[in-house]
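# Architecture at a glance
Chain by chain, the residues:
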Protein chains: 6
Amino acid sequence: MMVLNTLVLKITGKAFDEGPWLLEKYVSILKTLSEKYKLVVITGGGRLARHYIDMARNIGVVSNYWLDLIGIDVSRLNALLLIASMEGRAYPKPYESLSELLSALPYSNVLVAGGLIPGQSTASVAVQSAEAVGARVLYYFSAIGYVYDKDPVKHVDAQPFKEITATRLKEILAQKQLPGEYALIDDKALDMAVRSGIEIRLIFFKHPEKIFESLNGLNPGTRILPE
Amino acid sequence: MMVLNTLVLKITGKAFDEGPWLLEKYVSILKTLSEKYKLVVITGGGRLARHYIDMARNIGVVSNYWLDLIGIDVSRLNALLLIASMEGRAYPKPYESLSELLSALPYSNVLVAGGLIPGQSTASVAVQSAEAVGARVLYYFSAIGYVYDKDPVKHVDAQPFKEITATRLKEILAQKQLPGEYALIDDKALDMAVRSGIEIRLIFFKHPEKIFESLNGLNPGTRILPE
Amino acid sequence: MMVLNTLVLKITGKAFDEGPWLLEKYVSILKTLSEKYKLVVITGGGRLARHYIDMARNIGVVSNYWLDLIGIDVSRLNALLLIASMEGRAYPKPYESLSELLSALPYSNVLVAGGLIPGQSTASVAVQSAEAVGARVLYYFSAIGYVYDKDPVKHVDAQPFKEITATRLKEILAQKQLPGEYALIDDKALDMAVRSGIEIRLIFFKHPEKIFESLNGLNPGTRILPE
Amino acid sequence: MMVLNTLVLKITGKAFDEGPWLLEKYVSILKTLSEKYKLVVITGGGRLARHYIDMARNIGVVSNYWLDLIGIDVSRLNALLLIASMEGRAYPKPYESLSELLSALPYSNVLVAGGLIPGQSTASVAVQSAEAVGARVLYYFSAIGYVYDKDPVKHVDAQPFKEITATRLKEILAQKQLPGEYALIDDKALDMAVRSGIEIRLIFFKHPEKIFESLNGLNPGTRILPE
Amino acid sequence: MMVLNTLVLKITGKAFDEGPWLLEKYVSILKTLSEKYKLVVITGGGRLARHYIDMARNIGVVSNYWLDLIGIDVSRLNALLLIASMEGRAYPKPYESLSELLSALPYSNVLVAGGLIPGQSTASVAVQSAEAVGARVLYYFSAIGYVYDKDPVKHVDAQPFKEITATRLKEILAQKQLPGEYALIDDKALDMAVRSGIEIRLIFFKHPEKIFESLNGLNPGTRILPE
Amino acid sequence: MMVLNTLVLKITGKAFDEGPWLLEKYVSILKTLSEKYKLVVITGGGRLARHYIDMARNIGVVSNYWLDLIGIDVSRLNALLLIASMEGRAYPKPYESLSELLSALPYSNVLVAGGLIPGQSTASVAVQSAEAVGARVLYYFSAIGYVYDKDPVKHVDAQPFKEITATRLKEILAQKQLPGEYALIDDKALDMAVRSGIEIRLIFFKHPEKIFESLNGLNPGTRILPE
């Protein structure tokens, strides 16, 4: 039995807010990739997650445990949508622990998850999944395609990085120089990437086809080095 | 330990489409009821379920198994929202089988589920749950508050029934004399109600407080008799 | 890895009432088929199920939930008997949900189930299993080998159908023109077959070897078309 | 919350071969006992277990693992029958591990199991269950009501013991002086009773009401002392 | 049923390295507390965890996923030891997810866990557990009894804090002014305490009886305020 | 897909007491074997198990159920250590039942377990695992490399057996002629080996490489014949 290499992909929840045109792209790309790789895919919750969390707050939910859990549930709904689209190629439900991921990996071509536990971003889930399966690279379809040296919305001269260390990125995020910085990635996910030597490659979420450039040795976004 | 009676309630998915004002009502009513009864609550998927199912179709999903599963997942998201709002009174996740319902019943004040398996409506889940816990009545917060003798949208002289047998209702549904008849209830759910002698009491979903009338012996909607 | 086609087979519980001579036939046929196909097999409960349900009624059980559960348990016992006979080819326990079926399908050559949930016939389980694995045909080893135009026990001129639509069969079943009609198939199973385009091929349960005729393009019983 | 004492009861599979008259007795006694005690009940497989194991052998099953598993499944079917008869008092499925027993104990009045794992008799399950819940006595409704000093079928002067040590009973069993001695109890179960100081009180299975004598300090069968 | 308040307690793994004299103290205190409170207890891995992780490294394990998992397993072994000592008062296995914690909470007097998932300290598990059960205080039996303004091993004039904000503690930890600072607490745990308003009360692990002072309104260690 | 033969191996807990030099040997041998065989490995608890059981006794645990459970937990910790060392070849957690073993067998190259249930030695687990997977031989890395005719520690003229029947070995063990006889094997494990025709091949645990001799038809220890 030929053993396939494993690609780990994180898809921002925003990709599910855009409607079928973008999801169709993702589905087509995942199918193509699944012929040459095992795929581990982590989906975010997007606007719907925020809507349900707001609704929960409005009806009196204050516990972060429950608010997080609702967000996780939406991200799993997005995961299920992708699973359904894989025409039998995928493990038939969102994996809910890393142990389930590893158990199913030997006989599944595509595995998809949303969040795993409260208090942890889907970015962290993606890095942990990469760590568990022994992948060295995480392909990260994110709301912005690059890390910039300042907020590109406010500064016309903001410059994108081709490469940046995770340590430096943490400093930038701490200074809140980026818009929607949470949407990009959080410290915990970066720390874990560093400890396990996992490089994160940003790709703008509206152009998922750029992953083929990345697989061909090009650099279509920012590479976050695990240093 | 005083044993509480068990109420089984079905809440149409539409209740989750209206925004917080209506959900707040439900939350408040459920909290009040939970002081005197054990509650088993079944939630529908509503507009969001249809949206995700449409999205799935748009990206190529044709299998009814998967489309149903996506609908179930949304109904469970709604169930989780209610669970979160119960401030620790509820079993902490949507129950996913009748066996789980019965296992958790002795130590849970409120149990909430969405759909259970593909090919089965949440109305059927509600009747089955009533059967499993031995309840004789199902309170049914539905998109319409009454069964009518003809389509009330088209016929100004349509008359609501105070009572109707399940058998007669099946005939009416078969003649498609009702608008959105699926949204009301399906044959399978009615058959199961008949076999186990469960009366279904319709209550208009925008007036959930009418359940107190029903508990006080009044009849604020249509009673569907298990005959 | 060559991917095998999947055959879905329903075996009436009566097959387990006849003693080893008939079961040996089934075991031999399943082993032969498992060399060319993945097999999904659904077993009924037969006389033993009725005996235990009667015994339950006699000791005071009235809830349909529990009576159904006992019937399911017997059908699973029959499933386990077949699993044990497969000499390691089979998934080692009756699958208890469609999700478990799909999870195990990639690495199992033979999967066997009895009933899944109360309120649902094993015929429905068979159709749902076919739907979940994407099969277009359900081979149905049933107590009678054909659908007839009238009760063949009472009418010597009763004619068997070579083909019949599911819709027409529902009408015949509604008129109770068939003996032991429940034993054949129920409305819910037929509805689900129609919605997912699954053809049901009846084969008389005492001649399971006729499935080879059916696989070779012949028609040894009645074909129930999903229309 | 008043904590109830826990009684552990083993019921031979033969009790399920006699038909409803005897089972009704057991059901009535269990209901009565459940008002004053928590009950842990272990059921055997009886004639049906032997029938299915024979059938399995006849269709080619040789592995003891699978033959045992079939026997366990029948004993669980018997367990389910008792659970169904308890009218909601019982944990709703046969417990399948001692961990499940202990998890469910705090909120269940009646817990029922058949076999747990291949290679282990239901007698051993009963002793282990007693050990897990900390009970000092196992009430044992068995095919014979007494241990005799020789085979009472062959010897008219055979004398029943009022008390016997487990060690002495092992010697008697080793000499095969008893009819159907396996049906009584096996060495492993006795060893475990000794190590944990559990007394086994035999009661003839056709007179389950004699347990009340035993609970009142009388000795209606043989007491097997854990020495 | 009187509802008990819930105390959440974290016990450093070092407590398991000292031998029975200290564990006996903990067991006695937990039993006493369990008469007035529900207890949620989180145990660390201690020296044994480090020993097994070292052994794993020595035989070639490099993945942090697996090294963390081994550490978690040891912390669960310590959890099991406490569970065993609770004489039936405790949920009978270490809970492995927050959902399991919440499911078991209504009917368990004592719940114990070690680590939950790789990449997360047992300190984080403790804060998350407090968040999930809605506790406002975490009692934290740690290797050092106070936070100091400088390393007390190197500086004789180091002063202990009676109170410190979590934010300030993070700065101190960042400057590595404390010995064995990891053993105290990590940033992620502190962040989560802040977001959910959970105060952490340090108690020196060799004097667990000081928790009674704390419960009586005294302050026997450092209070870490969620600010 | 070429089907691999399955080897079942029992490793005494003592192998984990010796430090990395010996474990490295085992890891290397398991990796080599896993290229030609499927491996099922059962690990004991060793000195650490005894230490934790002693600690439990010292803090007041008297129930054999709990003491056994602690021993099982340590044996599973040793199992996890081996799993971690297999670099992704192994099923990712200790299997906890024979059903889990059989479910995972088709897609796992290496499966590892410690104990399964209280009241059962890891030797019994090994024999049962062999029975479940249909293996005829159990390779048994034990604290002593041979069965002797008398205690070799006390008698300089003690002679090792090249072969011995399980029945004869039981007699020798009953006479307690062997040192640490429990550490060798218990009656229950031998009984089960006999009933299922499983030969046990002793190999001295400090020389695990001798398994290659055994696989090549030599006899580096004592063969325990299932008679």
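Residues numbered from 1 in each chain as written. Chains lettered and ligands numbered in written order. Predicted model: local features only at pLDDT ≥ 70, side-chain atom pairs only at ≥ 80, totals over all residues. Heavy atoms only, no water.

Within an unreviewed UniProt entry, the label attached to chain A reads UMP kinase, and the organism entered is Thermosphaera aggregans. In its Sequence similarities (unreviewed entry) section, UniProt records this for chain A: "Belongs to the UMP kinase family." For the record of chain A, the UniProt heading Pathway (unreviewed entry) holds the text "Pyrimidine metabolism; CTP biosynthesis via de novo pathway; UDP from UMP (UMPK route): step 1/1." (UniProt positions renumbered as here; feature names shortened; annotations may be inferred.)

Here we take up the pattern of salt bridges. Taken as a whole and assessed by the stated rule, the structure comprises 89 salt bridges over all chains. A salt bridge links R195 of chain E to D68 of chain A; its shortest N-O distance comes to 2.9 Å. With one member in each of two chains, R195 of chain E in helix α8 (residues 187–195) and D68 of chain A in helix α3 (residues 64–85) form a pair that bridges those chains. The class of R195 of chain E is partly exposed, set by a relative accessible area of 35%. Judged by its relative accessible area of 21%, D68 of chain A is partly exposed. Residues R168 of chain C and E171 of chain C are paired through a salt bridge, measuring 3.1 Å at the closest nitrogen-oxygen approach. Placement of both R168 of chain C and E171 of chain C in helix α6 (residues 166–174) is noted, with a separation of three residues, approximately one turn of the helix. Of the residues examined, R168 of chain C reaches a relative accessible area of 35% and is grouped as partly exposed. Under the relative-accessibility criterion, E171 of chain C is labelled partly exposed at 38%. A single salt-bridge network, built from bridges that share partners, covers K31, E35, E87 and R89 of chain A. (Salt bridge = Lys/Arg side-chain N within 4 Å of Asp/Glu carboxyl O. Helix = DSSP H or I, 4+ residues; strand = E, 2+ residues; numbered from the N terminus. Buried < 20%, exposed > 50% of the residue type's maximum accessible area, 1.4 Å probe, protein only.)

Expressed as a screw transformation, the operator carrying chain F onto chain E has a rotation angle of 180° and an axial translation of 0.0 Å, and the superposed copies differ by an RMSD of 0.0 Å. Taken together, the turn and the small shift mark the pair as related by a two-fold rotation axis. (Least-squares fit on C-alpha atoms with pLDDT ≥ 70 in both.)

With that settled, the discussion passes to the side chain of S108 of chain E. Residue and element names in this part refer to chain E. Tracing the sequence through the fold places S108 in the loop between α4 (98–104) and β3 (110–113). Looking at S108, the relative accessible area reads 3%, which means it is buried. Setting aside residues no more than four positions away along its own chain, S108 makes contact with K38 and Y91. (Contact = heavy atoms within 4.5 Å.)

In this section: the interface of chain B and chain A. Opposite the 26 residues of chain B that make contact, chain A presents 26 residues. Roughly 2,600 Å² is buried in total at the junction of chain B and chain A, and carbon and sulfur atoms are behind 77% of that figure. Between chain B and chain A we count zero salt bridges in total. Viewed at the interface, chain A and chain B are joined by two residue pairs in polar contact (both at pLDDT 80 or more). Elements represented by at least two residues in the side of chain B that touches chain A include exactly α1 (20–34), α2 (46–58) and α3 (64–85) of chain B. (Buried area = accessible area lost by both parts, 1.4 Å probe. Polar contact = N/O pair within 3.5 Å; in protein donor to acceptor, adjacent residues only side chain to side chain.)

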